[in-house]
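# Observations on chain architecture
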Amino acid sequence: MADRAKEKATQAMGQAQDMAKHAKESALHAAEKGRELCNTTTTEVENFVRKHPVWAVAATVGIGYAVGLLARELLTPPPPPKNRAVRMLEDIQERLSDFLGPAYDRASHYAEDGMSAVKSGAQSLSDMKLGNRLKQFFSN
(Lines give C-alpha, C1' and ligand atoms only; values in the text may rest on other atoms or scores of the structure.)
Protein backbone atom coordinates (compact mmCIF):
# COMPACT_ATOMS: atom_id res chain seq x y z
CA MET A 1 0.00 0.00 0.00
CA ALA A 2 2.90 2.36 0.76
CA ASP A 3 4.34 1.61 -2.66
CA ARG A 4 1.04 2.41 -4.25
CA ALA A 5 0.73 5.73 -2.35
CA LYS A 6 4.31 6.56 -3.29
CA GLU A 7 3.53 5.77 -6.92
CA LYS A 8 0.40 7.99 -6.85
CA ALA A 9 2.35 10.82 -5.19
CA THR A 10 5.09 10.51 -7.82
CA GLN A 11 2.48 10.49 -10.54
CA ALA A 12 0.72 13.56 -9.07
CA MET A 13 4.05 15.31 -8.71
CA GLY A 14 4.88 14.56 -12.35
CA GLN A 15 1.51 15.94 -13.45
CA ALA A 16 2.02 19.06 -11.31
CA GLN A 17 5.47 19.55 -12.84
CA ASP A 18 4.02 19.12 -16.33
CA MET A 19 1.28 21.65 -15.55
CA ALA A 20 3.81 24.08 -14.08
CA LYS A 21 6.01 23.70 -17.15
CA HIS A 22 3.02 24.25 -19.42
CA ALA A 23 1.94 27.33 -17.40
CA LYS A 24 5.48 28.70 -17.56
CA GLU A 25 5.61 28.20 -21.33
CA SER A 26 2.20 29.87 -21.73
CA ALA A 27 3.28 32.79 -19.57
CA LEU A 28 6.51 33.18 -21.53
CA HIS A 29 4.59 33.00 -24.80
CA ALA A 30 2.08 35.62 -23.55
CA ALA A 31 4.92 37.83 -22.36
CA GLU A 32 6.63 37.55 -25.75
CA LYS A 33 3.38 38.43 -27.54
CA GLY A 34 2.91 41.38 -25.17
CA ARG A 35 6.47 42.54 -25.81
CA GLU A 36 5.93 42.30 -29.58
CA LEU A 37 2.66 44.24 -29.31
CA CYS A 38 4.33 46.88 -27.16
CA ASN A 39 7.21 47.24 -29.62
CA THR A 40 4.83 47.45 -32.58
CA THR A 41 2.67 50.03 -30.83
CA THR A 42 5.72 52.07 -29.82
CA THR A 43 6.99 52.05 -33.40
CA GLU A 44 3.58 53.11 -34.73
CA VAL A 45 3.33 55.94 -32.19
CA GLU A 46 6.85 57.13 -33.03
CA ASN A 47 6.02 57.11 -36.75
CA PHE A 48 2.79 59.03 -36.13
CA VAL A 49 4.60 61.62 -34.01
CA ARG A 50 7.25 62.08 -36.71
CA LYS A 51 4.62 62.47 -39.45
CA HIS A 52 2.15 64.61 -37.43
CA PRO A 53 3.97 66.48 -34.65
CA VAL A 54 1.26 69.12 -34.19
CA TRP A 55 -1.44 66.49 -33.75
CA ALA A 56 0.75 64.59 -31.35
CA VAL A 57 1.30 67.68 -29.18
CA ALA A 58 -2.41 68.55 -29.30
CA ALA A 59 -3.39 65.00 -28.35
CA THR A 60 -0.86 64.99 -25.50
CA VAL A 61 -2.15 68.31 -24.16
CA GLY A 62 -5.76 67.11 -24.47
CA ILE A 63 -5.05 63.85 -22.71
CA GLY A 64 -3.11 65.67 -19.99
CA TYR A 65 -5.99 68.10 -19.49
CA ALA A 66 -8.51 65.25 -19.25
CA VAL A 67 -6.32 63.36 -16.78
CA GLY A 68 -5.90 66.54 -14.72
CA LEU A 69 -9.66 67.13 -14.59
CA LEU A 70 -10.27 63.52 -13.65
CA ALA A 71 -7.60 63.61 -10.96
CA ARG A 72 -8.97 66.84 -9.51
CA GLU A 73 -12.49 65.41 -9.45
CA LEU A 74 -11.35 62.19 -7.81
CA LEU A 75 -9.03 63.84 -5.28
CA THR A 76 -11.31 66.71 -4.21
CA PRO A 77 -13.25 65.72 -1.11
CA PRO A 78 -17.02 65.95 -1.45
CA PRO A 79 -18.57 69.06 0.08
CA PRO A 80 -20.52 68.72 3.31
CA PRO A 81 -24.27 68.13 2.87
CA LYS A 82 -25.11 71.68 3.99
CA ASN A 83 -22.96 73.18 1.22
CA ARG A 84 -24.53 70.83 -1.34
CA ALA A 85 -28.00 71.88 -0.21
CA VAL A 86 -27.10 75.57 -0.43
CA ARG A 87 -25.63 75.10 -3.91
CA MET A 88 -28.70 73.15 -5.00
CA LEU A 89 -31.03 75.89 -3.73
CA GLU A 90 -28.95 78.56 -5.44
CA ASP A 91 -29.09 76.55 -8.66
CA ILE A 92 -32.88 76.23 -8.38
CA GLN A 93 -33.19 79.96 -7.72
CA GLU A 94 -31.03 80.77 -10.73
CA ARG A 95 -33.00 78.46 -13.00
CA LEU A 96 -36.32 79.86 -11.80
CA SER A 97 -34.99 83.37 -12.34
CA ASP A 98 -33.93 82.46 -15.87
CA PHE A 99 -37.30 80.80 -16.53
CA LEU A 100 -39.56 83.41 -14.89
CA GLY A 101 -37.52 86.51 -15.73
CA PRO A 102 -39.19 87.15 -19.11
CA ALA A 103 -42.67 86.61 -17.61
CA TYR A 104 -41.86 89.04 -14.79
CA ASP A 105 -40.62 91.61 -17.29
CA ARG A 106 -43.79 91.23 -19.36
CA ALA A 107 -46.03 91.53 -16.28
CA SER A 108 -44.14 94.66 -15.19
CA HIS A 109 -44.61 96.13 -18.65
CA TYR A 110 -48.37 95.40 -18.56
CA ALA A 111 -48.64 96.92 -15.07
CA GLU A 112 -46.89 100.07 -16.26
CA ASP A 113 -49.21 100.24 -19.29
CA GLY A 114 -52.24 99.77 -17.03
CA MET A 115 -51.05 102.49 -14.65
CA SER A 116 -50.48 104.82 -17.59
CA ALA A 117 -54.00 104.08 -18.87
CA VAL A 118 -55.53 104.80 -15.45
CA LYS A 119 -53.57 108.07 -15.13
CA SER A 120 -54.57 109.04 -18.64
CA GLY A 121 -58.23 108.23 -17.91
CA ALA A 122 -58.12 110.20 -14.66
CA GLN A 123 -56.54 113.12 -16.47
CA SER A 124 -59.25 112.95 -19.17
CA LEU A 125 -61.97 112.92 -16.53
CA SER A 126 -60.32 115.86 -14.83
CA ASP A 127 -60.11 117.71 -18.12
CA MET A 128 -63.79 117.08 -18.83
CA LYS A 129 -64.76 118.39 -15.41
CA LEU A 130 -67.05 115.38 -15.13
CA GLY A 131 -67.31 115.83 -11.38
CA ASN A 132 -69.01 119.19 -11.76
CA ARG A 133 -71.37 117.87 -14.44
CA LEU A 134 -72.33 114.88 -12.29
CA LYS A 135 -73.05 117.21 -9.37
CA GLN A 136 -75.29 119.30 -11.57
CA PHE A 137 -77.06 116.26 -12.99
CA PHE A 138 -77.80 114.71 -9.59
CA SER A 139 -78.63 117.95 -7.83
CA ASN A 140 -81.52 118.76 -10.19
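## Some remarks on the overall build of the protein
- Assigned secondary structure in the protein consists of four helices and zero strands.
- Counting from the amino terminus, the protein carries its helices and strands in the arrangement α-α-α-α.
- Each of the 140 residues in the protein was classed as buried or not, and the buried ones make up 1%.

## A short note on helix α2 (residues 53-75)
- The end-to-end C-alpha separation of α2 is 32 Å, in line with the 33 Å expected for 23 residues at 1.5 Å each.
- The buried fraction of α2 is low, at one of 23 residues.

## What about the confidence of the model for the protein?
- In this model, the protein carries an average pLDDT of 82, and 89% of its residues clear a pLDDT of 70 or more.
- The least confident element of the protein, judged by mean pLDDT, is helix α4 (residues 130-139) at 67; the most confident is α2 at 90.

## A word on a nonpolar patch on the surface
- Taken together, Met88, Leu89, Ile92, Leu96, Phe99 and Leu100 make up a surface patch of nonpolar side chains, about 660 Å² in accessible area.
- Relative to the helices and strands, Met88 is located in helix α3 (residues 81-128).
- In this structure Met88 comes out as exposed when scored by relative accessible area, which is 55%.

## Focus on the pattern of salt bridges
- Tallied over the entire structure, the rule returns two salt bridges.
- Across the pair Arg35 and Glu32 runs a salt bridge whose closest N-O atoms are separated by 2.7 Å. Remark: Glu32 and Arg35 occur in helix α1 (residues 2-51); sequence separation between them is three residues, near one turn of the helix.
- Arg35 gets classed as partly exposed once you look at its relative accessible area, which sits at 48%.
- Glu32 gets classed as partly exposed once you look at its relative accessible area, which sits at 35%.
- In this structure, Asp91 engages Arg95 in a salt bridge whose closest nitrogen and oxygen atoms are separated by 3.0 Å. Here Asp91 and its partner Arg95 are both found in helix α3, four residues apart, which amounts to about one turn of the helix.
- On the basis of relative accessible area, Arg95 is assigned to the exposed category, the value being 58%.

Rules behind the numbers
Residues numbered from 1 in each chain as written. Predicted model: local features only at pLDDT ≥ 70, side-chain atom pairs only at ≥ 80, totals over all residues. Heavy atoms only, no water. Helix = DSSP H or I, 4+ residues; strand = E, 2+ residues; numbered from the N terminus. Buried < 20%, exposed > 50% of the residue type's maximum accessible area, 1.4 Å probe, protein only. Expected span 1.5 Å × (residues − 1). pLDDT = per-residue confidence, 0-100. Patch = residues over 30% accessible without salt bridge, like charges linked within 9 Å, V, L, I, M, F, W, Y side chains within 5 Å. Areas by Shrake-Rupley, 256 points an atom, 1.4 Å probe, with all protein chains shown as cover. Salt bridge = Lys/Arg side-chain N within 4 Å of Asp/Glu carboxyl O.

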